[in-house]
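Coordinate inspection notes
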Amino acid sequence: MSETNAKEVNGRGAMLLQTPFHSRTSALNELNSWENWKGYMVSHEYNDYELEYFSIRSQTGVMDLTPMSKYRITGPDSEAYLNRLVTRDIAKIKIGRVAYTVWCNSDGMIMDDGTIFHLAENHYRLCSYTQCIDWLMWSAEGFDVEIVDETKHVAALSVQGPTSCSCLKNMGLTGIENLKSFGIMSFPFEGGELTVSRTGFTGDLGYELWVEPSLAEALWDKLFAAGKEYLIRPFGLYALDMARKEAGFVQAAVDFVPAEDTVRVGRARTPFELGLDWLIDFNKPFFNGRKALLKEKANGSRYRFVMLDVEGNKPANNSFILNKQGKQIGTVTSAGWCPTAKANVAFAQVDPKYGQLGDELIAEIYYERELTWTKVLAKSVVIKGPMFDPARKRLTPPAKF
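Residues numbered from 1 in each chain as written. Predicted model: local features only at pLDDT ≥ 70, side-chain atom pairs only at ≥ 80, totals over all residues. Heavy atoms only, no water.

1. A word on the overall build of the chain
Filter applied, for reference: Secondary structure elements are taken from DSSP: a helix is a run of H or I of four residues or more, a strand is a run of E of two residues or more, and numbering for both begins at the N terminus. Our radius of gyration looks at C-alpha atoms and nothing else; its globule reference is 2.2 Å times the residue count to the power 0.38. Summary of the burial criterion: residues with accessible area below 20% of their type's maximum are buried, those above 50% are exposed, and those between are partly exposed, where the area comes from a 1.4 Å probe applied to protein chains only. Contacts: residue pairs with any heavy atoms within 4.5 Å of one another. Method for areas: the Shrake-Rupley scheme with a 1.4 Å probe, in which residue coverage is limited to the protein chains shown. His residues and chain termini do not enter the charge count, which takes Lys and Arg as positive and Asp and Glu as negative. By convention, the charge on Lys lies at NZ, on Arg at CZ, on Asp at CG and on Glu at CD.
The helix and strand inventory of the chain stands at eight helices and 19 strands. Taken against the 2.2 N^0.38 rule, which gives 21 Å for 401 residues, the C-alpha radius of gyration of the chain at 21 Å falls within 12% of a compact globule. For the chain, the spread of C-alpha atoms along the principal axes amounts to about 65 × 55 × 45 Å. Classification of the 401 residues of the chain by burial places 52% in the buried group. Expressed as a percentage of contacts within the chain between residues at least 6 apart in sequence, the contacts between residues at least 24 apart total 66%. Per element, the accessible surface of the chain, about 18300 Å² overall, is 50% carbon and sulfur. Both charge centroids of the chain, one from 45 positive and one from 49 negative side chains, sit 6 Å from each other.

Structure, rendered in structure tokens:
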């Protein structure tokens, strides 16, 4: 990992770190458009975020995933510790598998969401949006575990799109086509090890690649050489945001505020309030927030999370949601046009008396064109699931290209 010199990002003079892929990403970032992701420089977009989005949906797109917080958890109490920490039953995650989960404080409020990799016996990796080493250490009291922040010791790429498997096969990853969703495989690579998980945040067929930083540039070069005939290209955070909304994925710090970051009472959310109650396993006798979540299950939630099909093409970002009588009943947290689905989607949190499947609500949208603001009241229908959920995401082996 290059502990870098001061780098000015988007004119804000931020002191940021470069990832091990920076020599490659900076050479391709024609717009010099960067974002601060937990202290690292990552690309907003390289030259055209819409074309980068379409690389995810029709070719292969590659994103530098290194800044994601990564924690290695080992020791004889690893499973018991994680079972206390998160809402899912860790015992059900077999070696070589990955699971999406959330973790809460004692009030049942979400601290963060992320993925847990079961790499070997008593050996896990937790990936998260927040930098949560303090919470992990506090929660470890009484458990025989070792927790190490390995964020800067593991370089990672997200390789997403319908031809992604073909690119990896062309790179020499024999048998990768047999890897099932949320599975893990390892391959020898340049004297080290390349770990591949069939995971991602785009809702498409995709993989995430994990190596030690010294092998990062070699990995990038081999991947892009193997993917050249498949029109492989890098994508940035703008394209990722388009893809994740189309796929129905909530984003920390956008669709919810991690409980530890809130400064106002009542601003955090529970798994029920984000439609993530399917991640709670009440059969576990104890985990952080269990008592509060059981109470909420019995008495009801403050909010209902809904996905909306919004009439027209004006993004409903930050809009109020109204009922048919014009009363405000909720707010939009994420919204945008879905190019592949050709639909206008919004995620909203509404009064739980509203938001049943098929309900018609109203999005109060404000938008500006040439210094003039216009208000639109757009019909918004509650839909069952994501706008984009292709079968190829789960198909094993994936289609050949």
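There's plenty left to go through after this.
2. Here we look at the environment of Ala-363
By the element assignment, Ala-363 lies in strand 18 (residues 360-369). When the C-alpha positions of Ala-363 and Tyr-238 are compared, they lie 23 Å apart, and in sequence the two are 125 residues distant. Discounting chain neighbours no more than four positions away, the residues touching Ala-363 are Val-310, Ala-316, Phe-320, Ile-321, Val-376, Leu-377, Ala-378 and Ser-380.

3. Focus: the layout of surface pockets
The criterion, for reference: The way it works is a 1 Å grid over only the protein atoms, where trapped points that fit a 1.4 Å probe form a cavity and open points with protein on both sides within 12 Å along at least five of seven lines form a pocket, and then any residue with an atom within 4 Å of a point lines it. Grid points are joined across faces, edges and corners, and a volume is the space filled by probe spheres set on the points.
The calculated volume of the second largest pocket comes to roughly 310 Å³. Taken together, 16 residues make up the lining of the second largest pocket; nearest its centre are Leu-119, Arg-125, Glu-193, Thr-195 and Trp-210. Elements supplying a minimum of two residues to the lining of the second largest pocket: strand 6 (110-120), strand 7 (123-128), strand 10 (184-189), strand 11 (192-197) and strand 12 (206-211).

4. A look at the sheet that holds strand 9 (residues 155-160)
Note the cut-off: For two strands to count as paired, DSSP must find a minimum of two bridges between them. Interaxial angles span 0 to 180 degrees and are taken between N-to-C directions of axes, which are lines fitted to C-alpha atoms, for helices over the stretch in contact.
Pairing within the open sheet is mixed, and its six strands lie in the order 10-11-12-9-3-13. Lying at the two open borders of the sheet, with one neighbouring strand each, are strand 10 and strand 13 (233-234). Sheet topology places strand 11 next to strand 12; three bridges connect them, and they run antiparallel. Within strand 12, the position partnered with Ser-197 by the bridge is Glu-208. Here helix 6 (residues 216-226) sits on the sheet in contact with strand 3 (61-64), strand 9, strand 10, strand 11, strand 12 and strand 13, set at roughly 15° to strand 9.

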